[in-house]
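Remarks on the overall topology
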Amino acid sequence: DSGVTQTPKHLITATGQRVTLRCSPRSGDLSVYWYQQSLDQGLQFLIQYYNGEERAKGNILERFSAQQFPDLHSELNLSSLELGDSALYFCASSPKKGGLGGPDTQYFGPGTRLTVL
Amino acid sequence: DAKTTQPPSMDCAEGRAANLPCNHSTISGNEYVYWYRQIHSQGPQYIIHGLKNNETNEMASLIITEDRKSSTLILPHATLRDTAVYYCIVRAYFSNDYKLSFGAGTTVTVRA
């Protein structure tokens, strides 16, 4: 158990709909990362938040957005869903901001499996 | 970050040590070697990391060659639950980019 929790575990929805995925980081971790993993692709970085502020952006679609709340949990919002958005979505947390030096280990949650029909 | 090369797959007998090699010949002095694994459809799991000294924790040992161009992850007593894809990556000591990027990794199958 990494200490990172994600809900829901599974989500089945239809094209055009909107969903929210939730992540609670490990106690004390200030950074939250979101990743997408499709069947035919590796882990794709979406976005990072540090202590409530957006820190880095990856290949995140405009239809997707995220935020980190004062209690440090994070939500990933996916809207106007398409079939191709079906994937595993992972959240990871780490104590560091980035750029400050030293090893930074990311701990992953169990993921949310999104199926768009 | 430096590129790594791993064998695509390997088999291991249950109860035996599994030795997973990784080449990172272009590694620079300020880059760490990290190992993660991913059991089918589960979240990636951190295993161990090191800079230049050998490291050991409750999960595995990491042996880094003196020239740091390669390393070996050792699972001392492999179990069926160790069947997973193992990823070796290198990450800079100072980096504004903390996202993880996994290559193809090594698919390890532990057989009874």
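You'll find the structure just up there.
Report follows, based on the coordinates.

Attention now moves to the sheet that holds strand S1 (residues 5-7) of chain A. All names here are of chain A. Spatial strand order, S1-S3-S8-S7: 4 strands in an open sheet with antiparallel pairing. The sheet terminates laterally at S1 and strand S7 (64-68), the two strands that pair on one side only. The mean angle between the axes of side-by-side strands here comes to 15 degrees, regardless of whether they run parallel or antiparallel. Sheet analysis places strand S3 (residues 19-24) next to strand S8 (residues 74-78), joined by 5 bridges and oriented antiparallel. Residue pairing in the sheet places Val19 in a bridge with Leu78 of S8.

Quick look at the packing of aromatic side chains now. Any aromatic ring pair is given by two values, namely how distant the centres are and how the planes are angled relative to each other. Residues and elements named next belong to chain A. The full count for this structure, using the stated rule, is 13 aromatic pairs over all chains. Measuring from ring centre to ring centre gives 6.4 Å for Tyr33 and Tyr35, while their planes differ by 20 degrees; the resulting arrangement is stacked. Of the two residues, Tyr33 and Tyr35, both sit in the buried class. Seen in terms of ring centroids, Phe90 and Phe108 are 6.5 Å apart; in terms of plane orientation they differ by 80 degrees. Their pairing is edge-to-face.

With that settled, consider the nonpolar core. Ranked by size, the top nonpolar core spans 22 residues in total, and within it Leu20, Val33, Trp35, Ile47, Leu73 and Tyr86 of chain B carry the most contacts. Those elements that place two or more of their residues in this core are strand S1 (9-13), strand S2 (18-23), strand S3 (31-38), strand S4 (45-50), strand S6 (61-64), strand S7 (70-75), strand S8 (84-92) and strand S9 (106-111) of chain B.

The next thing to look at is the pairing of S8 of chain B. Residue and element names in this part refer to chain B. Of all 9 residues in S8, 9 are buried; the element is thus mostly enclosed. Burial along S8 is two-sided: Ala84, Tyr86, Cys88, Val90 and Ala92 and Val85, Tyr87, Ile89 and Arg91, pointing in opposite directions, are all buried. Sheet topology places S3 next to S8; 8 bridges connect them, and they run antiparallel. The residue bridging Arg37 from the neighbouring strand is Tyr86, located in S8. One ladder, built from 3 bridges, connects S8 with S9; its direction is antiparallel. Note that in S9 the partner of Val85 across the bridge is Thr107.

Glancing now at the state of the cysteines. According to the stated counting rule, one finds 2 disulfides over all chains in the structure shown. Disulfide pairing is shown between Cys23 of chain A and Cys91 of chain A; the S-S distance is 1.7 Å. The chirality of the disulfide connecting Cys23 of chain A with Cys91 of chain A is left-handed, given an S-S dihedral of about -40 degrees. Placement of the pair is Cys23 of chain A in strand S3 and Cys91 of chain A in strand S9 (residues 87-94), with a sequence separation of 68 residues. The same class applies to Cys23 of chain A as to Cys91 of chain A, namely buried. Linked covalently through their sulfurs, Cys22 of chain B and Cys88 of chain B form a disulfide whose S-S length is 2.0 Å. Since a negative S-S torsion denotes a left-handed disulfide, the Cys22 of chain B-Cys88 of chain B link at about -80 degrees is left-handed. You can see Cys22 of chain B sitting in strand S2 and its partner Cys88 of chain B sitting in strand S8, a full 66 residues away along the chain. On the accessibility criterion, Cys22 of chain B (2% relative accessible area) is buried.

What counts as what
Residues numbered from 1 in each chain as written. Chains lettered and ligands numbered in written order. Predicted model: local features only at pLDDT ≥ 70, side-chain atom pairs only at ≥ 80, totals over all residues. Heavy atoms only, no water. Pairing = 2+ DSSP bridges. Helix = DSSP H or I, 4+ residues; strand = E, 2+ residues; numbered from the N terminus. Axes fitted to C-alpha atoms, helices over the stretch in contact; angles between N-to-C directions. Phe/Tyr/Trp six-rings, centres within 6.5 Å; stacked < 30°, edge-to-face > 60°. Buried < 20%, exposed > 50% of the residue type's maximum accessible area, 1.4 Å probe, protein only. Core = buried A, V, L, I, M, F, W, Y, C linked by side-chain atoms within 4.5 Å. Disulfide = S-S within 2.5 Å.

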